[in-house]
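# Reading the structure
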Amino acid sequence: MCLHDSLSSMGALIADVVILSNIPKVLSYSIPNDVSPKVGLRVAAPVRKSTRVGVIIGIRESSESDEGLKDLACALDEIPFIAPELIELISWTSKYYHAGIGPCMALAFPPYLRQCRTIILDEDPVIFRTDRENDRLGPHQKSILDAIPNTGIRMSTLKDLLPGITQKIKALAKRGFIELKEVPCSSAPSCSATPEYTPDQHKAISEITQAIKAGRFHAYVLHGITGSGKTEVYLATAMEAIKLGKSVLYLVPEIALTPQTIDMVKSRIPLKVAVFHSGLSPKDRAREFMKVAREGVKFVLGTRSAIFSPLREIGLIVVDEEHDSSYKQEDGVPYNARDLSLLRAKNNSAVVILGSATPSMETYDRTRLPHSSLITMTSRIGPAKLPEVEIVDMRGIQGPLSDRLIREMIDTISKGEQVLLFINRRGFSAALVCPGCGKVLKGSRCDRSLTYHKAKGKALCHWCGFTMNLPEICPSCGCLDMKPIGMGTEQVIQAVQKVSPGKRVLQIDSDEMTTVKKLTAALDAIRAGSVDIIVGTQMIAKGHDFPLLTLVGVVYAEQLLYMPDFRSGERTFQQIVQVAGRAGRRKSDTKVIIQTYVPDHPLIQSICGYDYQAMMEIERGIRKATSFPPYSHMARCVVSSKKDKTAREFSFQLALSVNIPGVEALGPAPAPIALLRDHFRWHFILRSKNRGALHKAIDIIERMHQPQETDLKIDVDPYSMM
Ligand code: ADP
């Protein structure tokens, strides 16, 4: 007897349904006879005058209050894509982050499946090259052929490597350059060999494996210096989970999910791997989802949204670079995938590895909690050593590059090695200031200075995209010659070209690397040694492994340090240690030069010795004295409106309404970005040592009547203070 039969003997049935949209409430429907209801099933449901996709989260007998409910239109699938365990995670997310259940449920489905359609996805054939001579092909088509190994490649894998090539594949097949063959998915891909583990790796792998075998929740904070071989620990323990029949979720920060990472994981895991990230086409996202939901693929590699992937029986969750802020979603539901990984692991009695060379304070401190442990890896693999750090005092020095850094650059390049210059701002200068009236050039929609992009001859707002041609005179006073202040990648490149003419310089920032293909080609060029000097932003600072890179120059070390954010010290340390970690991954005797105007700042000093504990001590002292997390829990409330007065008054009304003992409201005040896309923004912080009390205070705020034309954003455990 199916669930439907057994339930129907109890009387009319009602389905509680979450609609995959902004509808915040659970809606109830009666179930027509031809629908066999199951928790997790996608259904088409009437909502006002339209039909929307929903997911059944509960089935119950009808009661008097259910009179007159509409019928569900139909079931969209035969069996549910998501299990009750995932529904539980989604419900928790909705409650904890004070977000509607509809938007939270939508996170678990790719956009293609949020529409009323049943799924018909194409097959995933294996592509082989034919013998046909390829001398009449263009460079792009040749590069596609070059990416196909002799043993063939799955269409989906090739598309991960070179997105947007569907039409070109069809054309190449039509012209006989490639053949597409259906090969059953069960044939395991061939795998590259595992290396001989270091003692640190052995210890970490065996401890974590024991916990996976025990089948109990446990969180490991894997604090391993850059280049200590953490990835091998992730892969080896993942294989142990797979051997036990469990599935594995492997999360990486957005910026790290390059084709190289996908390739590396796929080359080491002898199973099909599903890749989850928002850069895929809607159909490819649905295809990856279906691999997991229908074909039983047990390994998901993805960015933060993969935390909601439909894996079942998870044995291990890896959160690589756990300190990375891209695990926190800023728009929509403001969830943190790293934090949710702990909950999902708990619900699955699984193990989590939170790995980082620079763990966040929240993560490091959790090692004192039950079911948590710290594992450290303190040395690099083989002869590689952490680069020696030297601080250069920039006071009194003109231009972006000190003589000391220039000398080291010339020396490094003369040995055939590579230099990375890190500056975390794109464009030429951070702002343009009028030397006459002192006004900073701003756009019309945001209260931020415009960044000068010299190559384009334009001034851009990096917040809203506003663009203007560079004014010849100051718009305020008519004075000539606006002065650029602060620097970005373009200015560093200009200085590099002056001091080392003829050298091969590569700019890696979001202005230049506008497609995955460009970034892949750039990373390949660095690895192939066809670049001498890389000038890059955080896009290049993390995770990459460049064998020839032996000198890193941090051009403006304190750029983050004075941001209005209680994490700015910790973030400065994390950012510089990560970028320093790109050098010397194969050899010793490598160098990092940190240029700074505050050489004696204790935080800069702690970076100098890679002294994570010293940094933590400094930061702990400050956080404790000021009662910021982890010494309190926080939620940030941002009110925005087209009228400054409306935003200000409503934010005061909200902050004053909080009368829960033990909860304080700091502010309101204009947000650091006080005008964004034509909206004035006020914010205040709710803070408490007691999480329950904090949530009660948020409940009060949510119940307040919201004036028209205002927007209220509540961000629990906020990351951005801007
Ligand atoms: P981390 O993630 O800790 O920064 P990686 O996992 O990227 O470090 O490892 C650094 C380099 O060392 C990589 O090129 C990796 O392939 C290599 N590696 C890791 N473990 C071993 C090992 N046991 N033997 C040889 N090479 C290794």
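Residues numbered from 1 in each chain as written. Predicted model: local features only at pLDDT ≥ 70, side-chain atom pairs only at ≥ 80, totals over all residues. Heavy atoms only, no water.

## Brief notes about the side chain of Arg 304
For Arg 304, the location among the structural elements is in the loop between β12 (299-302) and β13 (314-319). For Arg 304, a relative accessible area of 17% puts it in the buried group. Polar side-chain contacts of Arg 304 include one of 3.0 Å to the side chain of Glu 254. (Helix = DSSP H or I, 4+ residues; strand = E, 2+ residues; numbered from the N terminus. Buried < 20%, exposed > 50% of the residue type's maximum accessible area, 1.4 Å probe, protein only. Polar contact = N/O pair within 3.5 Å; in protein donor to acceptor, adjacent residues only side chain to side chain.)

## Re the site of the ligand
Taken together, the neighbourhood of the ligand is formed by 17 residues, with Glu 196, Gly 227, Lys 230, Thr 231 and Asp 545 sitting nearest. Between an oxygen atom of the ligand and a main-chain N or O atom of Ser 228, the distance comes to 3.2 Å. In the model, an oxygen atom of the ligand is placed 2.8 Å from a nitrogen or oxygen of the Thr 231 side chain. Protein coverage of the free-state accessible area of the ligand, which is 560 Å², stands at 74%. Among the elements that take part in the shell around the ligand, helix α8 (residues 230-243) stands out by supplying 3 residues, more than any other. Taken together, the residues of the shell around the ligand break down into 4 nonpolar, 7 polar and 6 charged. (Near = heavy atom within 4 Å. Areas by Shrake-Rupley, 256 points an atom, 1.4 Å probe, with all protein chains shown as cover. Nonpolar A, V, L, I, M, F, W, Y, C, P; charged D, E, K, R; others polar.)

## Remarks on unusual backbone geometry
For residues other than glycine, phi is negative in most cases, and the peptide bonds are mostly trans. Here the residue pair Pro 629 and Pro 630 is connected by a cis peptide bond, since its omega of 10° sits within 30 degrees of zero. Positionally, Pro 630 belongs in the loop between α18 (612-626) and β27 (633-641). The amide bond that connects Gly 667 to the next residue, Pro 668, takes the cis arrangement and shows omega of 5°. Inspection of the secondary structure puts Pro 668 in strand β28 (residues 663-676). A positive phi angle, close to 50°, is found at Arg 48, a residue other than glycine. Its location among the elements puts Arg 48 in the loop between β3 (42-47) and β4 (50-61). At Glu 321, a position not held by glycine, the phi torsion is positive, near 50°.

## Some thoughts on the packing of aromatic side chains
When we look at a pair of aromatic rings, we describe it by the centre distance and by the angle of the planes. One pass over the full model with this rule turns up 12 aromatic pairs. The interplanar angle of 10° and the centroid separation of 4.6 Å between the aromatic rings of Trp 92 and Tyr 96 together place this pair among those described as stacked. Remark: Tyr 96 and Trp 92 occur in helix α2 (residues 84-96); sequence separation between them is 4 residues, near one turn of the helix. Ring-pair connections join several aromatic residues into one group, and the members of that group are Phe 81, Phe 109 and Phe 289. Looking at Arg 567, its charged tip hangs above the ring of Tyr 719, at a distance of 4.3 Å from the centre. When the ring centre of Phe 628 is taken as origin, the NZ or CZ atom of Arg 687, which lies over that ring, is 5.0 Å away. (Phe/Tyr/Trp six-rings, centres within 6.5 Å; stacked < 30°, edge-to-face > 60°. Lys NZ or Arg CZ within 6 Å of the ring centre and 35° of its normal.)

## Some remarks on helix α4 (residues 139-146)
Turning to α4, its buried residues are Gln 141, Ile 144 and Leu 145. Along the axis of α4, the buried positions cluster into a sector of 100°, meaning they face one direction only. Opposite the packed face of α4, turned more than 90 degrees from it, sit the exposed residues Pro 139 and Asp 146. Close packing links the buried residues of α4 with β6 (126-129), α5 (155-161), α6 (166-174) and β8 (178-181). (Arc of directions from axis to C-beta. Contact = heavy atoms within 4.5 Å.)

## With respect to the sheet that holds β28
If you walk across this open sheet you meet the 4 strands as β28-β29-β27-β30, and the pairing is antiparallel. With partners counted over all chains shown, the strands left at the sheet margins are β28 and β30 (710-716), one partner each. Along the sheet, successive strands turn relative to each other by an average axial angle of 20°, direction set aside. Judged from the 8 bridges that link them, β28 and strand β29 (residues 679-688) form a sheet pairing that is antiparallel. Bridging across to β29, Leu 675 finds its partner in Phe 680. (Pairing = 2+ DSSP bridges. Axes fitted to C-alpha atoms, helices over the stretch in contact; angles between N-to-C directions.)

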